[in-house]
Amino acid sequence: MIFKRCCYRAYQYVLTSVMHIIKYNNKIISAERAVYYIPEILKKHGASGRVLIITGPHIARTGLFSKITRVFREKGVNYVIFSGTSAEAGIDSIEYARKLYFCHKCCAIVAIGGGSVIDCAKAAAAGIASPGKKISSLEGYQKSRKKIPLLIAVPSTAGTGAETTACAVIKDVATGNKKIIADTNIMPKFAVLDPVMTRGLPSHMVAYSGMDALTHATESYLNKYSFKSAEKDAEMAVKLIAENITKVYYGTGSSISRQKMLEASYLAGRAFLRKSVGYVHAIGHAIGGQYNIAHGMAVAVVLPYVLQWYGKCVYKKLAKLADICGIADENLPESQKAGAYINYIKMLTHKLGIYKDFCKILKKEDITRKDVKNMAKCAIIESNPHYPVPKIMSLKECEYIIYSICTISYGK
């Protein structure tokens, strides 16, 4: 096992070093009503033909979406709409979006929606750049390696960070398993952050997406191998989320609070793009895929369990995050500050209704030992050796954490 862990660390060091030197050309436009500037962006970058708009069925029915498409028409932008994305970016939906792009001879993609919509757009763009390959064959790292069409991402939730990352989480509907397409070429060219897009977002979506962003920031911050700019992004993301998530959730915040949450999501995404995520996401993907649980809900509940398992090796950094959030006396020892940060996360899962929702879902499930073993296996395959986590987890340890989350804590 020692030899295997040394191999993991060597692989992670090389991968992280590569991420350090890669240049990222993602540009951010952050302002109220920035979404109406998209036609100018398209024309400025030579997208004079038809545009494929990828969105979800809910957004497609809103008055705001009608206003956006009206602006497109007024500015002379021809478009075709694909609104068939679901809560998860399914391979069938991605293949259909790619087919639509070619059938209508499109020249650019505008993704308007949450993480699954933007992931669908990124995966479709990867498929468009590699027309001879099936979408499923692009799973993994740098499988496309070709330039994609101009892609503009407009997030309607503040959490996934999909508008700035070079990966897409897709779901194999047949097996229920989630897979990752990771390629530096699929990063959107522009991220348009407009608080108007998150106005009226249901409170549970505010909670799930906000905690997803907090998990991105926390995991990337704790991961090994220094990358100062990414750590600063993570620190700022944690600070912005701590200051604004409950305001937006309870509807007491202004458009400025929504803007800050969008910026926090972007910063957290930029941080984990460089320093990656960890076991929280891997276990969250496994549990979410097994029981059809929203990603943000899953990672929010998993996060404190994994932080507690890490133990002493993360005390210093968790203490710093506790200071940033202002949730612990500055004179306390690092171990107590770290505990305060973990308890703060637990408090948020209760205050935002996440813990209660999670319990309701799992109490309806017949969770077996076999399920736990399968989920642990999926989580470890995803994590090792790819994520530069603070401490490497074994399969047995992963099984124990998943069992604790799914059974012991909920009275099963």
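The coordinates are above.
Residues numbered from 1 in each chain as written. Predicted model: local features only at pLDDT ≥ 70, side-chain atom pairs only at ≥ 80, totals over all residues. Heavy atoms only, no water.

(A) The arrangement of the packing of aromatic side chains in detail. One pass over the structure, following the stated rule, counts eight aromatic pairs. A ring pair is formed by Y13 and Y225, whose centres lie 5.5 Å apart and whose planes are at 75 degrees; its orientation type is edge-to-face. Placement of the pair is Y13 in helix α1 (residues 2-21) and Y225 in the loop between α7 (203-222) and α8 (228-249), with a sequence separation of 212 residues. On the basis of relative accessible area, Y13 is assigned to the partly exposed category, the value being 48%. Between W309 and Y310 the ring centres are 5.6 Å apart and the planes differ by 50 degrees, which places this aromatic pair in the tilted class. Assigned by exposure class, W309 and Y310 land together as buried. Through pairs of rings, three or more aromatic residues link up here, namely Y279, W309 and Y310. (Phe/Tyr/Trp six-rings, centres within 6.5 Å; stacked < 30°, edge-to-face > 60°. Helix = DSSP H or I, 4+ residues; strand = E, 2+ residues; numbered from the N terminus. Buried < 20%, exposed > 50% of the residue type's maximum accessible area, 1.4 Å probe, protein only.)

(B) Summary view of the sheet that holds strand β3 (residues 79-82). Strands sit in the order β1-β9-β6-β4-β2-β3 across an open sheet of six strands; the sheet is parallel. A single partner strand is all that each edge strand has here, and the edge strands are β1 (27-30) and β3. Between one strand axis and the next, the sheet turns by 20 degrees as a mean value, whatever way the strands run. Running over the sheet, helix α5 (residues 91-103) touches β2 (50-55), β3 and β4 (106-113) and is turned about 165 degrees from β3. Across the sheet, helix α9 (residues 255-275) touches β1, β6 (150-155) and β9 (190-193), and the angle it forms with β9 is around 155 degrees. (Pairing = 2+ DSSP bridges. Axes fitted to C-alpha atoms, helices over the stretch in contact; angles between N-to-C directions. Contact = heavy atoms within 4.5 Å.)

(C) Broad picture of the side chain of H216. Secondary-structure assignment places H216 in helix α7. Under the relative-accessibility criterion, H216 is labelled buried at 3%. Within the structure, the side chain of H216 is placed 3.5 Å from the backbone oxygen of T160, a separation counted as a polar contact. (Polar contact = N/O pair within 3.5 Å; in protein donor to acceptor, adjacent residues only side chain to side chain.)

(D) Expanded view of the sheet that holds strand β5 (residues 140-141). Taken in spatial order, the three strands of this open sheet run β5-β8-β7, and their pairing is mixed. Lying at the two open borders of the sheet, with one neighbouring strand each, are β5 and β7 (167-171). As judged from the two bridges shared by β5 and strand β8 (residues 178-182), these two strands associate in the parallel manner. The residue bridging Y141 from the neighbouring strand is A182, located in β8.

By themselves, these observations are geometric and do not establish any function.
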